[in-house]
Every structure is written in structure tokens, then in C-alpha cells.
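# Coordinate inspection notes
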Amino acid sequence: MLNPRALAYLGEVIRRGSLRKAATHLAIDASAISRQLKGLEEELGVAVVERHGSGVRATPAGRLLVDHYHAQRTAEEAVLSQLMALQGLERGEVRIAVGEGFISDLISAPLQSFMAAFPGIELEVLMAGVNEAMALVKEGEVELALLYAPPVDPLLQPHVETRQPLDLIVPPAHPLLALGRPVGLADLAEWPLGLMDNCFGMRQMVNQVAQQERVHLRARLRTNSVAVLKNFVRSGIGITFMPELTVMEEVRQGDIRVLPLSHPALSGARAQIVSRAGRELTVAAQACVDHLRRGMRFLNADAPRLLDEQALSSMQR
């Protein structure tokens, strides 16, 4: 039988990239980790890590072992949660990775009502860009991730998906509002532009479209904060890209206007809640998915602009 402690240490070493960092995180001596990994290699007759620069990385055998360990741990958690459910016990822990653009939607009514409905379930919410959030799910560090415009990944299973186009947001009375048509990236050349950092899904989408259209977008402001970008636009300094729901309150107050973008990749952006493919959700995680599907605006329906267009189209038939 494989040594679960050695597998846990192996997973931490691979995640941190070195024995020293893993030892610091686990608050143990690096030599203890080294002994466990050496014993694992001797038992199996195969190397599980290899040196790489100043750190280490997994061999194919090491990655296979870590994937097995995570799958085994997830399966055990699912079985235990189901046993508790059979006894009428609503307990557990759910770890969720969330991008900043979802936070205001999450922490208002949905989070409050979930904690009231399931007082025995503890939540851990981690802020993360789309790349980091996807990695956290695949590595078993979180059960769920809320993603905006993620790349297709066969290791992730979407449980909910809605259409949330990436729009252009501008100050009131901005000249672009007079175009009377969806905006193209080439229309933005003369206006001060704010952009999220490259680790965020909406920035990655914009980069891909700009490359396809051979448009150079010069950012006057780069940030990892949605709030900073909203203030950048609200103050009249410049323009940026965001889903409509992220700025709904500012739109209602008349501080920001939303313009649709013409490229299909931007107008077809999706919001998702995902888990690791092939790993059964615990009862607590499934309850969380169901609750967020009903309670979060990003997850319970498509963007308001799309719903309005559908309603208008139905009326004209």
C-alpha cells in the first residue's frame, strides 16, 4: 500500500516547487520530506521528482502518484459527506476560488443565505485570477472555482454556465456612445484605456482578439483590481472592459455606460462554476453549487442585456 504521508509530502513539494518551500509550508524539517520521498522511490523503484534549476519538478511517475492521491482523498471526502447526509448531518467544508469580479455578487445575498441555510458548513473563499483558480481546482486545493472566460480544459467540469459578454464600459456622454453600433477594438485607439493584468480571463480574451484583429492596445493603466478600473472609468479618466453585471450598480446610478463589443469571442464570453473532472463532489460542495446557481446573478441567468434582447425579439414576432 502506498504511504499516504509520502504522497502528501510529494504533492506539496510539487506544488511549491522545492523541498525547502514545502517544508516551510508544512512546518517540518526538509530532511523529513527528503526521507519520505526517498523511501517512496525505493519502494516503487522509480524517481518521483527531478531537479530543475533551483527547485524540483515531478517526473511522469510523480505526477501520476499525486493525481492518484488527490483522487483518493476526494473520493474519501465524498463518501464521508454522504454518510453524514444519511444521518441527517449537514456538515463539511467547501473551498472556492473566486475572481474579484464575482465578489460583490457572491458576498451579498447568496453567501449570507447559504450560511443561514447550512450553519454546519464552513466556507473558505480564495481570491484568484482565472489561471490560478483553474490550477487550484486541478491540484485539489479547492473544490470549486468561479471562472470568467476560462480557456477550455478537459480536466475541469462545468456545473453551471451562463452567457456574460465582455462589454466596453465608458463614462456617461463619452463620444463612443454616438457610434450607434457594436464597438470594435480599432475604435479604441485614441482613448485612454485601462486593462486588468494578464492572469485574468477578461484580459486574456482581449489579448487574443487584439492579436486576431492586428490591433495594438496601449494600456494607460494596468491593475489587478476591478475596483480600481471601475473608478478609472467612473472618474472620467478612461475606458475599460467588463461584464455588465460587474458594473450594474454604477449603471443604475448613471456613473457608467455599457457598450457591446463586436467580436464574437467577446460577445460570447461565459461565466462558469467548475470542479475537477472525474471527482465526485461532496454533499456540502454540491449544496454550494445548487445554492449559487439559484442565488448569484452571474450564474442564475444570462447577462441582463441579452435577456432584454430576447424579450424584445419575442415581442416583435
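Structure: above.
Right, let's walk through the structure included here. Because the structure is predicted, anything quoted here is derived from the model rather than measured. (Residues numbered from 1 in each chain as written. Predicted model: local features only at pLDDT ≥ 70, side-chain atom pairs only at ≥ 80, totals over all residues. Heavy atoms only, no water.)

### Details of the overall build of the protein chain
Scanning the protein chain from terminus to terminus reveals 14 helices and twelve strands. Oriented by its inertia axes, the alpha-carbon framework of the protein chain measures out at about 70 × 50 × 35 Å. In the protein chain, of all internal contacts separated by at least 6 residues, the share reaching a separation of at least 24 is 75%. Entry remark: accessible area of the protein chain is about 16,200 Å², with carbon and sulfur atoms responsible for 52%. (Helix = DSSP H or I, 4+ residues; strand = E, 2+ residues; numbered from the N terminus. Contact = heavy atoms within 4.5 Å. Areas by Shrake-Rupley, 256 points an atom, 1.4 Å probe, with all protein chains shown as cover.)

### Details of the packing of aromatic side chains
Tallied over the entire structure, the rule returns two aromatic pairs. Residues F102 and F298 carry aromatic rings whose centres are separated by 4.9 Å and whose planes lie at 70° to one another, so their mutual orientation is edge-to-face. One end of the pair, F102, is in helix α5 (residues 100–107); the other, F298, is in helix α13 (residues 297–300), and 196 residues separate them in sequence. For F298, a relative accessible area of 2% corresponds to the buried category. (Phe/Tyr/Trp six-rings, centres within 6.5 Å; stacked < 30°, edge-to-face > 60°. Buried < 20%, exposed > 50% of the residue type's maximum accessible area, 1.4 Å probe, protein only.)

### Some words on the sheet that holds strand β7 (residues 166–170)
Read from one edge of the open sheet, three strands run β10-β7-β11, paired in antiparallel fashion. The sheet is open, and its two borders are formed by β10 (240–243) and β11 (257–259), each paired with just one other strand. For this sheet, the mean angle separating the axes of adjacent strands, direction not counted, is 45°. Pairing geometry for β7 and β10, over four bridges, is antiparallel. If you follow L168 over to β10, its bridge partner there is F241. The sheet contacts of helix α8 (residues 201–212) involve β7 and β10, and relative to β10 the element is tilted by about 125°. Its contacts with the sheet place helix α9 (residues 226–234) against β7 and β10, and it is angled at close to 120° to β10. (Pairing = 2+ DSSP bridges. Axes fitted to C-alpha atoms, helices over the stretch in contact; angles between N-to-C directions.)

### Concerning the pairing of strand β8 (residues 193–196)
Judged by which residues are buried, β8 turns out to be covered on both faces: L193 and L195 on one side and G194 and M196 on the other are all buried. For β8 and strand β9 (residues 219–223), the ladder comprises four bridges, and the chain directions are parallel. Opposite G194, over in β9, you have L221 as the bridge partner. Following the chain from β8 across α8 to the adjacent parallel β9, one finds a crossover that is right-handed. (Right-handed = clockwise from strand over helix to strand, strands pointing away.)

### Comments concerning the nonpolar core
Counting residues in each nonpolar core, the largest one holds 61 residues, and the members touching the most others are L168, L185 and F241. Sorting elements by how many residues they give to this core places helix α12 (residues 283–295) first, with six residues. Leaving out residues up to four positions away in the same chain, L168 has contacts with L176, V183, L188, I239, T240, F241, R257, V258, L259 and L261. Of all hydrophobic cores here, the second largest spans 17 residues; its members include L7, A23, L40 and V56. (Core = buried A, V, L, I, M, F, W, Y, C linked by side-chain atoms within 4.5 Å.)

### Describing the packing of helix α1 (residues 4–16) against helix α3 (residues 30–44)
Relative placement of two packed helices is described by the angle separating their axes and the distance separating the axes. Contact geometry for α1 and α3: axes closest at 9 Å, N-to-C directions at 115°. Between α1 and α3, the crossing angle belongs to the class labelled roughly perpendicular. Where α1 crosses over α3, the handedness of that crossing is left-handed. Contacts between α1 and α3 pair R5, A6, L7, Y9, L10 and V13 from the former with A32, I33, Q36, L37 and L40 from the latter. Classifying every residue of the contact of α1 with α3 gives nine nonpolar, one polar and one charged. (Parallel < 35°, antiparallel > 145°, perpendicular 65-115°, else oblique. Left-handed = near helix turned anticlockwise from the far one by under 90°. Nonpolar A, V, L, I, M, F, W, Y, C, P; charged D, E, K, R; others polar.)

### Overview of the environment of M242
Here M242 lies in strand β10. Owing to a relative accessible area of 0%, M242 belongs among the buried residues under this scheme. For the pair M242 and L195, spaced 47 residues apart in sequence, the C-alpha to C-alpha distance is 9.7 Å. Leave out the neighbours within four places in its chain, and M242 touches P165, L166, D167, I169, M202, V226, L229, K230 and V247.

### Things to note about the sheet that holds strand β6 (residues 156–163)
Reading across from one edge, β4-β3-β5-β12-β6 is the order of the five strands in this open sheet, with mixed pairing throughout. Since the sheet does not close on itself, it has two edges, and those belong to β4 (121–127) and β6, each with one partner. Ignoring which end each strand starts from, the neighbouring axes of this sheet average 20° apart. Bridge count for strand β5 (residues 144–148) against strand β12 (residues 270–276) is four bridges, and the pairing is antiparallel. By the bridge assignment, Y148 is partnered in β12 with A271. With respect to the sheet, α5 is in contact with β3 (92–98), β4, β5 and β12, its orientation differing from that of β3 by roughly 135°.

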